[in-house]
Every structure is written in structure tokens, then in C-alpha cells.
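# Residue-level structural notes
As a plain string of letters, each chain reads:
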Amino acid sequence: MDILTTPPEVRAWVGERRRRAQRIGLVPTMGCLHAGHLSLVRLARQRADAVVLSVFVNPIQFGPGDNLAGYPRDLERDQRLCREAGVAALFLPSAEALYPAGHSTFVEEVWFSRGLCGDRRPGHFKGVTTIVAKLFNLVQPDVAVFGRKDAQQARVIQQMTRDLDFPVEIVLGPTVREADGLAMSSRNQHLNADQRRQALCLARALDAAARRLTAGERNAAALIAVMREEISRAPQARVDYLEIVDNETFEPVATLKRTALALLAVHVGGTRLIDNALLTPDGL
Ligand code: AMP
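Residues numbered from 1 in each chain as written. Predicted model: local features only at pLDDT ≥ 70, side-chain atom pairs only at ≥ 80, totals over all residues. Heavy atoms only, no water.

## Points about the packing of helix 9 (residues 200-214) against helix 10 (residues 220-232)
As a packed pair, helix 9 and helix 10 sit with axes 8 Å apart at the nearest point and diverge in direction by 150 degrees. Classified by chirality, the crossing of helix 10 by helix 9 is right-handed. Seen from helix 9, the contacting residues are C201, L202, R204, A205, L206, A208, A209, R212 and L213; seen from helix 10, they are L223, V226, M227, E230 and I231. A class-by-class count of the residues in the contact of helix 9 with helix 10 yields eleven nonpolar, no polar and three charged. (Axes fitted to C-alpha atoms, helices over the stretch in contact; angles between N-to-C directions. Helix = DSSP H or I, 4+ residues; strand = E, 2+ residues; numbered from the N terminus. Left-handed = near helix turned anticlockwise from the far one by under 90°. Contact = heavy atoms within 4.5 Å. Nonpolar A, V, L, I, M, F, W, Y, C, P; charged D, E, K, R; others polar.)

Right, dumping it as C-alpha cells:
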């Protein structure tokens, strides 16, 4: 596995692979890898000859209250996991390499970036689209793989790719969960044992809504109330948002007539966790 740290190194590496007519896959991450990330590598390997995984804790997608410095990092382990997963190149740029002094250009998607995490984390998606656009330009992947765990981010990136004519196929991987249902996240490391138990309230809330839907409930407010009640059972959990939107338009829905997406962000202790699930009424 090659380790690349600067944009010129990436360009040279990519150029060499292209001369050999290889298809290139990209998996962007912020590191501290877990089985969710590795599932994306597998999807990329199925669609490409060589997979580049980037580990970059992108400072411009963190707001003032987002604890950039406290984001978990474990580069040695990341390297080992990438090697075992068959990653061809690990891209580990420094912040200075990607944002040298004087950097003043940003990429912003303005429709799907509204609401949900977009409202709670101003500037977050602008940071995400900027770094993903830069990675697309540097790595020039044929295919890039992202997780459905970050459903709004995935939608924003799909839109940016379309709007800016990036010749990149976007593939979305399903959310990988711990055995008890908690969505895997690098942030889960911040939870103590008690918070770890309480963090299950997110997955439980989504399950409860799905069960109520199966039982015939189509009213979004009623399904949201079911989820809110499930979260309220966890004393250290505080809802940031809890919404049901149309899976295509991301507009809030009042009555579920076609596939919708339930999304929630919940603070458990000092850690903000997100999760989501499709809600598909019977007969679809
Ligand atoms: P992150 O390192 O958290 O920025 O995530 C990097 C990529 O991995 C993003 O496309 C995420 O959506 C994806 N991802 C994170 N957690 C999971 C998970 N539990 N299952 C599947 N994909 C995930």
C-alpha cells in the first residue's frame, strides 16, 4: 500500500495508474476507521482496480462548537486496517497541504444543505463539498463511495457531483451497525459505558417508528412523537432534531405516501450522534 501526503504525490500516483488503464475508486474519511468505513472500501474494490482512501480531519467542516481538536485519531491502526482491506493508496494530507495560506475558494450546494444538520452546523456542508470537490480533482476517481449513515451529506454530494459535472459515479453504502444496533461512528469512542447504553435510543427510536408504520400509522407527527418518546427514556439524551422528510426531495412530509427518511441527531452526554432509516409504507 502506498502512502501519499501531498497533492503532487497524488497526481503522480493517479497518472501512473491511469497509464495502466486502471479504474480508480475513492473513499473519503476522517479516519479512526471502523467496519462502516471498511464496508465502503469493499464496495469501491468491487467497482475499481485501485482504491484510494483518504484520511483527513477537514478543519473547514467543523464549527466553533464542534471540537475539531478532540476528534479521535489513530493513524497507525488506520494504516493497518487499510492494508488488510486491500486499499492501494492511503492519502494522508496535512491541513497546510490542502489549504495553504491564502486559500479562498469554496464549493457550496445550497438546496439539500438547508435544514437538519445544515441548520444546526452552519458552514458544515460547505466544508464537506469543498473538500470532496478538491479530492475529486486530485484523485480523479471513476467511482467514489459514501455512507448512508450521513444521509444528508450523501444527498448534498450527489447534487454537487451532478451540478458541477464531475465524471464520478457516486455509490452509497448501507449503515453498518454494532451487534446491538448502534450505528458505527468514530464519535462513539467518546461515550462512556453508561452513555454507550443510552446511545441505543437512536436505533430504538427508528425501529419504533418503523414498527408503528407497519402497524398502519402514516402520520409523520405521530411517528415523530413515537421516536421522541423513545429518546426521552434515555436520561442523558437530548434531541437536536428529529424529522421525517421525503426520500427524494428531503422536504418534510405530513403523511407518508411514498418512501420517506427519518433522520435524527441526538446529544448523548457531550457527544452528538446522528442516525437515519428509510420508512417505506406497505405496498411500495
Ligand atoms: P467519517 O470518517 O465519519 O467522515 O465517514 C467517512 C465515510 O464513512 C462517510 O461516507 C460516512 O458516511 C461513512 N460512514 C461513517 N459511518 C458509517 C457506518 N456506520 N456505516 C457505513 N458508512 C459509514
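## Notes on the domain arrangement of the protein chain
Here the domain parsing of the protein chain yields domain 1 (2-173) and domain 2 (186-275). When each unit is reduced to the centre of its C-alpha atoms, the spacing between domain 1 and domain 2 is 27 Å. Listed by partner, the interface residues are 20 residues for domain 1 and 15 residues for domain 2. Interface area, domain 1 with domain 2, both sides summed: about 1,600 Å², of which 57% is carbon and sulfur. At the junction of domain 1 and domain 2, the tally comes to two salt bridges. The closest approach of N and O atoms between D240 and R120, which form a salt bridge, is 3.6 Å. Our enumeration of links across domain 1 and domain 2 arrives at four residue pairs in polar contact (both at pLDDT 80 or more). At the level of elements, helix 5 (116-120) and helix 7 (151-163) are the ones that each hand at least two residues to the side of domain 1 that touches domain 2. Of the residues belonging to the side of domain 1 that touches domain 2, the class tally is nine nonpolar, five polar and six charged. (Domains from an automatic or database assignment. Buried area = accessible area lost by both parts, 1.4 Å probe. Salt bridge = Lys/Arg side-chain N within 4 Å of Asp/Glu carboxyl O. Polar contact = N/O pair within 3.5 Å; in protein donor to acceptor, adjacent residues only side chain to side chain.)

## Notes on the site of the ligand
The environment of the ligand is made up of 17 residues, and the closest members are H37, G147, D150, V176 and M184. The separation between an oxygen atom of the ligand and a polar side-chain atom of H37 is 2.9 Å. Protein contacts shield 92% of the accessible area of the ligand, which totals 490 Å² for the unbound molecule. If one sorts the elements of the shell around the ligand by residue count, helix 2 (residues 35-47) sits on top with three residues. (Near = heavy atom within 4 Å. Areas by Shrake-Rupley, 256 points an atom, 1.4 Å probe, with all protein chains shown as cover.)

## Notes on the side chain of S185
By the secondary structure assignment, S185 is in the loop between strand 6 (169-173) and helix 8 (193-198). For S185, the side chain forms a polar contact with the main-chain nitrogen of R187, separated by 3.0 Å. Aside from chain neighbours lying at most four places away, what touches S185 is H34 and K149.

## A word on helix 6 (residues 124-139)
Because each turn of an α-helix spans 3.6 residues, side chains separated by three or four positions in sequence point in the same direction. Counted at 1.5 Å a residue, the expected span for helix 6 with its 16 residues is 22 Å, and the 22 Å between its end C-alpha atoms agrees. With 13 of 16 residues buried, helix 6 is to be regarded as a mostly interior element. Of the residues trailing helix 6, Q140 is marked for its positive phi of about 45 degrees. (Expected span 1.5 Å × (residues − 1). Buried < 20%, exposed > 50% of the residue type's maximum accessible area, 1.4 Å probe, protein only.)

## Considerations on the packing of aromatic side chains
Overall, the coordinates contain four aromatic pairs when judged by the stated rule. Ring geometry for F112 versus F250: centroids 6.0 Å apart, planes at 85 degrees, classification edge-to-face. With F112 in the loop between helix 4 (95-98) and helix 5 and F250 in the loop between strand 7 (237-246) and strand 8 (260-268), the pair connects residues that are 138 residues apart, well separated along the chain. There is no split in this pair, since F112 and F250 are both buried. Both rings, one in F136 and one in F166, keep their centres 5.3 Å apart while their planes meet at 80 degrees; by these two values the pair is edge-to-face. Taken together, the residues F136 in helix 6 and F166 in the loop between helix 7 and strand 6 connect sequence positions 30 residues apart. Comparing F136 with F166, the two get one shared label, buried. Of note, R155 hangs over the ring of F112, and the distance from its end group to the ring centre comes to 4.0 Å. (Phe/Tyr/Trp six-rings, centres within 6.5 Å; stacked < 30°, edge-to-face > 60°. Lys NZ or Arg CZ within 6 Å of the ring centre and 35° of its normal.)

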